[in-house]
Amino acid sequence: MKQRDLNTFKKLLNERRQELMTEAVGTMHGMGMVEDTRESFPDPTDRASLEGNRNLTLRIRDRERKLITKIDEALGRIEDGTYGKCEECEQDIGIERLRARPVTTLCIDCKSLQEAQERKIRTS
Ligand SMILES: [Zn+2]
């Protein structure tokens, strides 16, 4: 991959990472507010819906954390020069596919194959 393309993806990944970090901080503030509201509204119905919100928030944070890890791995691959190569067949993944999914590690052929195998495992 050209250095110029690598720089584009590096910028894109860093921006996405920054966005996720900002969201994660926002989510934590949201959780703080949940604690405060619970004090002022001791009604059990309100409390139940607040608990529900909190579980949802925790799930979102887990997903954000996993995505941040994937972004870090992708940035690592840019540094060591393996970014944009499929980890299965070592062919170029392709700029178009990387634009759509910058954290991917598989070319479209290997990804399709993997998905087909996963479907087979699930149905057998
Ligand atoms: Zn491949």
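As shown above, the structure is provided for reference.
What you see is a predicted model; the values in this text were computed from it and never measured. (Residues numbered from 1 in each chain as written. Predicted model: local features only at pLDDT ≥ 70, side-chain atom pairs only at ≥ 80, totals over all residues. Heavy atoms only, no water.)

(A) A look at the pattern of salt bridges. Inspection of the entire model under this criterion finds 8 salt bridges. Between Glu79 and Lys10 there is a salt bridge, with its nearest N and O atoms 3.0 Å apart. Of this pair, Glu79 sits in helix H2 (residues 44–80) while Lys10 sits in helix H1 (residues 3–40), and the two are 69 residues apart along the sequence. A salt bridge links Arg65 to Asp62; the nearest nitrogen and oxygen atoms lie 2.7 Å apart. Residue Arg65 and its partner Asp62 are located together in helix H2, separated by 3 residues, close to a single helical turn. Asp62 sits in the partly exposed class, given a relative accessible area of 27%. (Salt bridge = Lys/Arg side-chain N within 4 Å of Asp/Glu carboxyl O. Helix = DSSP H or I, 4+ residues; strand = E, 2+ residues; numbered from the N terminus. Buried < 20%, exposed > 50% of the residue type's maximum accessible area, 1.4 Å probe, protein only.)

(B) A look at the nonpolar core. With 17 residues, the main nonpolar core has Leu13, Ile71, Ile78, Tyr83 and Cys86 as its most contacted residues. Elements represented by at least two residues in this core include exactly H1 and H2. A total of 5 residues in this core trace back to one element, the largest contributor, which is H2. Setting aside its immediate chain neighbours within four residues, Leu13 contacts Ile71, Ala74, Leu75, Ile78, Tyr83, Pro102 and Val103. (Core = buried A, V, L, I, M, F, W, Y, C linked by side-chain atoms within 4.5 Å. Contact = heavy atoms within 4.5 Å.)

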